[in-house]
Amino acid sequence: MTNQKQRVFSGIRPTGEIHLGNFLGSVNQWSELQNNYDCVFAVVDYHAITTTFESKELPKAIIETSKWIIASGVDQQKSLIILQSQIPEHTELAWILNCLTPLGELERMTQFKEKREQETAKSGIMAGLLNYPVLMASDILLYQTDLVPVGEDQVQHIELARDIAKRFNNRFGKVFTIPNYQLSKNARVMSLKNPTEKMSKTGDQGILLSDSAKEIERKIMGATTDTIASDQMSAGVKNLCNILQTVSPRTYSQMLEKYQKKTLQYLELKKVLAKELISYLLPIQKKYHQISDDQALEIFEKSRARAQSLAQKTLSRAKKTIGVL
Ligand code: AMP
Ligand code: TRP
């Protein structure tokens, strides 16, 4: 009997800075999972070009994303860290899956609808944006993935990947493992300014991992809390509390106790959160600055051959099964 570990796959787009939502919602879990699973983590550069991008900025964004992954504790001795475009099997399988995915299912995706609005105002909508979830399904299915850690915004895409895999297996014969997703405690970190929307990297509503202590403090102090007095915890306060719960569970319990006794001042909550978040991020930021650009790129080289051989195996089976010689 083999006692193989289950496979985890996750990815992040190199679109410049990583924000606290990306980090707490996804990347932060990666280093924990690598002790119990066989992990493949990807910088998905072909996903980054599905929306308006600058060819001059992309290499820098890829390098920075790789550095944040390493700084967050992902260990290349334990996990494979890949650059999607270096493993052409991803796009090859994506083509096959594109030919087996109904157009209507892609047009229904929430992320497509949102990005379509944003892109219309920029350079127009490209076909790659519609096909984004199919490439994502290919990323996942190529490695016979059991579990995908993601933020809540990606759940619909994982469900689509499951449907694609099931349909393929039923029609042609079993090739793909059906993946499940795993949400973190912070599966939806909200905007500091408008806490009914999710945090992104733009403006003062989002904290970047690279933000200085001063910037973090300024952004937290400017966060929206309550506008009207109410017995229910407001979305803004809840968001601050959720972040605090992850970065300092002990202080979170203290704040919650005060909240329940109705003695919590939001100014105090913000000050405490700023302090705890700054010290939580500091070691990661320090490590980030110690990694050279060359080291960040070497990481991909080290994982490439092994990842490619795994990917190749699935792709050949998929091709053979559908009758491509
Ligand atoms: P992206 O930068 O869009 O490639 O996202 C990388 C990962 O971060 C995905 O797993 C997303 O679900 C997650 N993510 C992005 N924004 C947030 C957010 N505001 N809260 C929680 N997770 C997020
Ligand atoms: N679409 C994901 C995001 O925007 C990134 C991604 C691409 C991904 N391929 C993946 C995440 C495979 C998990 C698994 O966040």
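Quick caveat, the model's predicted, so the values are computed rather than measured.

Before going further, it helps to spend a moment on a nonpolar patch on the surface. Where nonpolar side chains cluster on the molecular surface, the patch consists of Y46, I49 and F53 and spans about 250 Å² of accessible area. In this structure, I49 sits in the loop between α2 (45-48) and α3 (58-71). Accessibility expressed as a relative area gives 35% for I49, which makes it partly exposed.

With that settled, consider the pattern of salt bridges. Tallying each qualifying case throughout the model produces 13 salt bridges. The shortest N-O distance in the salt bridge between R7 and D38 comes to 3.4 Å. Placement of the pair is R7 in strand β1 (residues 7-12) and D38 in strand β2 (residues 38-43), with a sequence separation of 31 residues. Judged by its relative accessible area of 10%, R7 is buried.

Around ligand 1, a shell composed of 17 residues is seen, among which R13, N22, G151, D153 and V189 lie nearest. Between S26 and ligand 1, the recorded distance is 3.4 Å, taken from a side-chain N or O atom to an oxygen atom. A distance of 2.9 Å separates an oxygen atom of ligand 1 from a polar backbone atom of G151. Expressed as a share of its isolated accessible area of 490 Å², the protein-covered part of ligand 1 is 93%. Take the shell around ligand 1: its biggest share by element is four residues, from helix α1 (residues 20-33). Partitioning the shell around ligand 1 into residue classes produces five nonpolar, eight polar and four charged.

With that settled, the discussion passes to the pairing of β1. As a general feature of sheets, a regular strand has side chains that alternate between the two faces. The buried count for β1 comes to five of six residues, which makes it a mostly enclosed element. Bridge count between β1 and β2: six bridges; the pairing is parallel. Pairing of I12 across the sheet is with V43, part of β2. Once the chain exits β1 it traverses α1 before rejoining the sheet at β2, and the crossover so formed is right-handed.

One finds L20, F23, L244, L269 and L277 to be the most contacted residues of the largest nonpolar core, which totals 52 residues. In terms of residue count, helix α12 (residues 266-290) provides more of this core than any other element does, eight residues in total. When neighbours within four sequence positions are excluded, L244 is seen to be in contact with P249, T251, Y252, M255, L269, V272, L273 and E276. Counting residues in hydrophobic clusters, the runner-up holds 38 residues, among them F9, I87, L130 and A307.

Turning next to the side chain of S66. The residue S66 is located in helix α3 in this model. Look at S66 and you get buried, because its relative accessible area is 0%. Separated by 2.8 Å, the side chain of S66 and the backbone oxygen of A296 make a polar contact. Not counting chain neighbours up to four residues away, the residues in contact with S66 comprise V43, A296, I299 and F300.

All right, on to the layout of surface pockets then. Counted as a void, the second largest pocket has a volume near 290 Å³. In terms of lining residues, the second largest pocket is bounded by 13 residues, among which Q4, R7, Y143, Q144 and L310 are the most central. Looking at the lining of the second largest pocket element by element, the count peaks at five residues for helix α13 (residues 293-322). Here the residues of the lining of the second largest pocket are counted per class, giving three nonpolar, three polar and seven charged.

Let us look at the site of ligand 2. What surrounds ligand 2 is a group of 13 residues, the closest being G11, Y132, M136, D139 and Q154. In this structure, R13 approaches ligand 2 through a side-chain N or O atom, which is 3.5 Å from an oxygen atom. A distance of 3.0 Å separates a nitrogen atom of ligand 2 from a polar atom in the side chain of Q154. The protein chains hide 92% of the 360 Å² of surface that ligand 2 would expose on its own. Of all elements in the fold, only β1, α7 (127-142) and β4 (147-150) reach the threshold of two or more residues within the shell around ligand 2. At four residues, α7 tops the list of elements feeding residues into the shell around ligand 2.

Below, the discussion takes up the packing of helix α4 (residues 89-98) against α13. Taken N-terminus to C-terminus, the directions of α4 and α13 make an angle of 25°; their axes are 10 Å apart at the nearest point. It follows from the interaxial angle that α4 and α13 lie roughly parallel. The element α4 and its partner α13 pack so that their crossing is left-handed. Here α4 contributes E89, E92, L93 and I96 to the contact with α13, which in turn contributes Q308, A311, Q312, L315, A318, K319 and I322. The residue makeup of the contact of α4 with α13, split by class, is six nonpolar, two polar and three charged.

So, how was this worked out
- Counting restarts for each chain: residues are numbered from 1 in the order of the written sequence.
- Ligands are numbered from 1 and chains lettered from A, in the order in which they are written.
- Only residues with pLDDT of 70 or above have their local features reported here, since the model is predicted, and side-chain atom pairs are shown and tallied only from 80 upward, although totals for entire chains, interfaces and linings are computed over all residues.
- Each side-chain value is worked out from all heavy atoms of the structure, with water and hydrogens disregarded.
- Only residues whose relative accessible area exceeds 30% and that form no salt bridge are eligible for patches; like-charged ones are grouped when within 9 Å, while nonpolar side chains (Val, Leu, Ile, Met, Phe, Trp, Tyr) are grouped when within 5 Å.
- Computed by Shrake-Rupley with a 1.4 Å probe, the accessible areas treat only the displayed protein chains as cover when residues are assessed.
- For salt bridges, the criterion is a side-chain nitrogen of Lys or Arg within 4 Å of an Asp or Glu carboxyl oxygen.
- Segments assigned H or I by DSSP are reported as helices when at least four residues long, segments assigned E as strands when at least two residues long, and all are numbered from the N terminus.
- A simple rule labels every residue: compare its accessible area, found with a 1.4 Å probe on the protein chains alone, to the largest value its type can have, and call it buried under 20%, exposed over 50%, or partly exposed in between.
- Proximity is defined per residue: if any heavy atom of the residue lies within 4 Å of a molecule or strand, that residue is considered near it.
- Whenever two N or O atoms come within 3.5 Å, that pair is a polar contact, provided that in protein one can donate a hydrogen and the other can accept it, and provided that, for residues adjacent in sequence, both atoms are side-chain atoms.
- Charged residues are taken to be Asp, Glu, Lys and Arg, nonpolar residues to be Ala, Val, Leu, Ile, Met, Phe, Trp, Tyr, Cys and Pro, and polar residues to be all remaining types, Gly included.
- Each pair of strands is called paired provided DSSP finds at least two bridges between the two strands.
- Whether a crossover is right-handed depends on one test, that the path from the first strand over the helix to the second runs clockwise when the strands point away from the viewer.
- Take the buried residues of types Ala, Val, Leu, Ile, Met, Phe, Trp, Tyr and Cys, join any two whose side-chain atoms come within 4.5 Å, and each joined set is a nonpolar core.
- We call two residues contacting when some pair of their heavy atoms lies within 4.5 Å.
- A 1.4 Å probe that fits but cannot get out identifies a cavity on a 1 Å grid over protein atoms alone, an open set with protein on both sides within 12 Å along at least five of seven lines counts as a pocket, and a residue lines either if it has an atom within 4 Å of a point.
- Grid points are joined across faces, edges and corners, and a volume is the space filled by probe spheres set on the points.
- With axes taken as lines fitted to C-alpha atoms, and helix axes fitted only over the stretch in contact, angles between N-to-C directions fall between 0 and 180 degrees.
- The cut-offs work like this: below 35 degrees is roughly parallel, past 145 is roughly antiparallel, 65 to 115 is roughly perpendicular, and the gaps in between are oblique.
- A crossing counts as left-handed when the near helix is turned anticlockwise from the far one by less than a right angle, and as right-handed when that turn is clockwise.

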